[in-house]
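Listed here are the chains, written in short residue letters.
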Amino acid sequence: MYSRVYVEITNICNMNCSFCHGHSRPARKMTVEEFDAVLKKLDGVTKYLYFHLMGEPLTHPDLPEFIKMAANRDFKPMITTNGTLLSRRGFELLSVCDENTKKPHLHKINISLHSFEGDDAEKYKNYLADIAEFAKKASALGVIVVLRLWNKGFDGGNNDIALDFLRKNIKGEWAENTRGLRIREKLFLEYGDRFEWPDREAQSFGDEVTCYGLRDHFGILSDGTVVPCCLDSDGIITLGNIFEAEISDILGSNRAAAMRKGFECRRAAEELCRRCQYAQRFV
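Reading the values: rules and limits
- Residues numbered from 1 in each chain as written.
- Predicted model: local features only at pLDDT ≥ 70, side-chain atom pairs only at ≥ 80, totals over all residues.
- Heavy atoms only, no water.
- Helix = DSSP H or I, 4+ residues; strand = E, 2+ residues; numbered from the N terminus.
- Buried < 20%, exposed > 50% of the residue type's maximum accessible area, 1.4 Å probe, protein only.
- Contact = heavy atoms within 4.5 Å.
- Areas by Shrake-Rupley, 256 points an atom, 1.4 Å probe, with all protein chains shown as cover.
- Lys, Arg positive; Asp, Glu negative; His and termini not counted.
- Charge placed at Lys NZ, Arg CZ, Asp CG, Glu CD.
- Pairing = 2+ DSSP bridges.
- Axes fitted to C-alpha atoms, helices over the stretch in contact; angles between N-to-C directions.
- Phe/Tyr/Trp six-rings, centres within 6.5 Å; stacked < 30°, edge-to-face > 60°.
- Salt bridge = Lys/Arg side-chain N within 4 Å of Asp/Glu carboxyl O.
- Polar contact = N/O pair within 3.5 Å; in protein donor to acceptor, adjacent residues only side chain to side chain.
- 1 Å grid on protein atoms, 1.4 Å probe; cavity = no way out; pocket = protein on both sides within 12 Å on 5 of 7 lines; lining within 4 Å.
- Points joined across faces, edges and corners; volume = space filled by probe spheres on them.
- Nonpolar A, V, L, I, M, F, W, Y, C, P; charged D, E, K, R; others polar.
- Expected span 1.5 Å × (residues − 1).

## Overview of the overall build of the chain
Here's step 1: From N to C terminus, the chain includes 8 helices and 11 strands.
Here's step 2: In terms of principal-axis extent, the alpha carbons of the chain reach across some 55 × 45 × 35 Å.
Here's step 3: The buried share of the chain, reckoned over its 283 residues, is 51%.
Here's step 4: Considering only contacts within the chain whose residues lie at least 6 apart along the sequence, 71% involve residues at least 24 apart.
Here's step 5: In the form shown here, the chain has an accessible surface area of approximately 13300 Å², with 46% of it arising from carbon and sulfur atoms.
Here's step 6: With 39 positive and 41 negative side-chain charges, the chain shows a spacing of 4 Å between the two charge centroids.

## Looking at the sheet that holds strand β5 (residues 144–152)
Here's step 1: Strand order in the open sheet formed by 11 strands is β6-β7-β8-β5-β4-β3-β2-β1-β9-β10-β11, and the pairing between neighbours is mixed. Edge strands, defined here as strands with exactly one partner in the open sheet, are β6 (175–176) and β11 (240–241).
Here's step 2: One ladder, built from 4 bridges, connects strand β3 (residues 76–81) with strand β4 (residues 108–112); its direction is parallel. Counterpart to M78 in the pairing with β4 is K108.
Here's step 3: Its contacts with the sheet place helix α2 (residues 63–72) against β2 (48–50) and β3, and it is angled at close to 145 degrees to β3.

## Some remarks on the packing of aromatic side chains
Here's step 1: One pass over the structure, following the stated rule, counts 7 aromatic pairs.
Here's step 2: Of the aromatic side chains, those joined through ring pairs into one cluster are F35, F51 and F66.

## As for the side chain of D232
Here's step 1: With respect to the helices, strands and loops of the structure, D232 is situated in the loop between β10 (225–227) and β11.
Here's step 2: No salt bridge is formed by the buried D232, whose closest oppositely charged neighbour, R255, lies at an N-O distance of 7.2 Å.
Here's step 3: Only 2.8 Å separates the side chain of D232 from the backbone nitrogen of I236, close enough to count as a polar contact.
Here's step 4: If near-sequence neighbours (up to four positions away) are discounted, D232 is found in contact with L53, L221, V227, I237 and L272.

## So, α2
Here's step 1: Extensive coverage of α2 is indicated by the burial of 7 of its 10 residues.
Here's step 2: Listing the buried residues of α2 in full gives L63, P64, F66, I67, M69, A70 and A71.
Here's step 3: Of the surrounding secondary structure, the elements contacted by the buried residues of α2 are α1 (32–42), β2, β3 and α3 (86–95).
Here's step 4: Taken from the residues just after α2, D74 is the one with a positive phi, measuring 70 degrees.

## Structural notes on unusual backbone geometry
Here's step 1: One non-glycine residue, D74, adopts positive backbone phi at about 70 degrees.
Here's step 2: If you trace the backbone, D74 turns up in the loop between α2 and β3.
Here's step 3: With a phi angle near 60 degrees, R266 is a residue other than glycine that sits in the positive phi range.
Here's step 4: You can see R266 is positioned in the loop between α7 (254–264) and α8 (271–274).

## With respect to empty space enclosed by the protein
Here's step 1: According to the stated counting rule, one finds 1 cavity of 30 Å³ or more in the structure shown.
Here's step 2: The space that makes up the largest cavity amounts to roughly 40 Å³.
Here's step 3: Looking at the lining of the largest cavity residue by residue, the classes come out as 4 nonpolar, 2 polar and 3 charged.

## Quick look at helix α4 (residues 121–140)
Here's step 1: Taking 1.5 Å of rise per residue, 20 residues should cover 28 Å, and α4 covers 28 Å from first to last C-alpha, within 8% of that figure.
Here's step 2: Where α4 is concerned, the buried positions are Y124, Y127, L128, I131, A132, F134, A135, A138 and S139.
Here's step 3: Summarising the contacts, the buried residues of α4 are in contact with α3, β4, β5, α5 (158–169), β7 (180–184) and β8 (187–193).
Here's step 4: Looking one or two places after α4, you find G142, whose phi comes out positive at around 100 degrees.

Below you can see the structure in the form of structure tokens.
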């Protein structure tokens, strides 16, 4: 069983952040019927679904329904978001609850705090205020909330602004852990290095590559294309389409098998993997 699967419910985003690679695919949203088909085919494959690969999940009008559908099939729904729409739609996420426990079906939400890099400080603080209020409410209801500062060396001083603001507006122990800080129960702040996304035109780092792609996770783009990891933003390594084939056949294909064997031997079977800076941290 895979530790998680990334399901891109939409590749449409409301921002154009400097750290994001973006994509060149046609704009698309999964329909309710398509998402239901994905859930059926992922039964027994994983328990944890991230509603993200490219795109901003909160732009999808059916997101609350998707959370409910996933939870009703015993999946743990998780979201990665830029946080800009939480003031408008956050209440929808938290109102989709278990009928018995009354707790939100949403298991976890990662919020990237980078969406206003280079913007004025006042606008950034208003953005942080909305996120802080949502984070306090969601974590109190039992949702795991992770605030991300994955931009070391590129923050332009915004990380200091964010930390100062959040410390003043969220009460907690703010204790250090291996990933960053535990603010309080269910609420964390994580640091990370900024990295360049893999691309056909990116620098090649050579054949020595290992990765967790296809070994503990894979991704599904909004048109059903199955990719080996969450960084294949353009679907360059297309393994098949979940709307057209069984996931076992797709993941058992010769191409997928060659990738897994290559990673086990610390060798890249695909050119895109040789151009992945993120994977270099595992070498």
